[in-house]
Amino acid sequence: MRCTQCEGTDLEPGFIEDNGEGSQGYGRWIQGALERGPFGGARRLGKRRWIIDAFRCTRCSHLELSVRPKD
Ligand SMILES: [Zn+2]
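Residue positions are counted from 1 within each chain, in the order its sequence is given. Thresholds applied to this predicted model are a pLDDT of at least 70 for local features of residues and 80 or more for the giving and counting of side-chain atom pairs; totals over whole chains, interfaces and linings are not thresholded and use all residues.

Trainee: Which parts of the structure should I look at to understand the overall build of the protein chain?
Mentor: Put simply, DSSP marks the helices as runs of H or I at least four residues long and the strands as runs of E at least two long, and each gets a number from the N terminus on. Helix and strand counts for the protein chain come out as zero helices and six strands. Sequence-ordered secondary structure for the protein chain, helices as α and strands as β, is β-β-β-β-β-β. Whereas a compact globule of 71 residues would reach a radius of gyration of roughly 11 Å, the protein chain reaches 15 Å, over 25% beyond that. With respect to the three principal axes, the spread of C-alpha positions in the protein chain is 45 × 25 × 20 Å. Three exposure classes are used, all based on how many other C-beta atoms lie within 10 Å of a residue's own C-beta (placed from the backbone): buried at 20 or more, exposed at 12 or fewer, and partly exposed between those limits. Counting all 71 residues of the protein chain, 3% fall into the buried class. Computation of the radius of gyration draws on C-alpha atoms alone. For the globule rule, the value is 2.2 Å times the number of residues to the power 0.38.

Trainee: I would appreciate a short explanation of the environment of E17 in the present structure.
Mentor: Note on placement: E17 falls in strand β2 (residues 17–18). A residue is classified by how many C-beta atoms lie within 10 Å of it, and E17, with 11 of them, is exposed. Measuring from C-alpha to C-alpha, the distance between E17 and R56 comes to 14 Å, with 39 residues separating the pair along the chain. If we ignore the near neighbours within four places in the chain, the residues touching E17 are G25, Y26 and G27. Residues are treated as contacting if the C-beta atoms built from their backbones sit within 7 Å of each other.

Trainee: Is there a simple way to explain the pairing of strand β5 (residues 49–57) in this structure?
Mentor: The two faces of the sheet receive side chains in turn, since in a regular strand these alternate between them. By the bridge criterion, two bridges tie strand β1 (residues 11–12) to β5 in an arrangement that is antiparallel. In the sheet register, L11 faces β5, and the bridge partner there is C57. Sheet topology places β5 next to strand β6 (residues 63–69); seven bridges connect them, and they run antiparallel. Bridge pairing in β6 places R56 opposite L63. In this structure, the hairpin formed by β5 and β6 is closed by a connection of five residues, where S61 is found at a positive phi of approximately 65°. What makes two strands pair is DSSP finding at least two bridges between them.

Written as structure tokens, this is what we have:
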């Protein structure tokens, strides 16, 4: 893996935290543009969730993001 900003090759693994109420502690990516419900929250019922892997470049701190399927 290579940083797309500085071409650095030293990327350390990590993830995006989500500490909202009822959260399992990590952020997830959901397919499709954000739609919001009547109370302003994201509509996500029935949508597939993907765990986000975030690799940080140790040279420039750019994050390389990718996802893996997880329901
Ligand atoms: Zn970099």
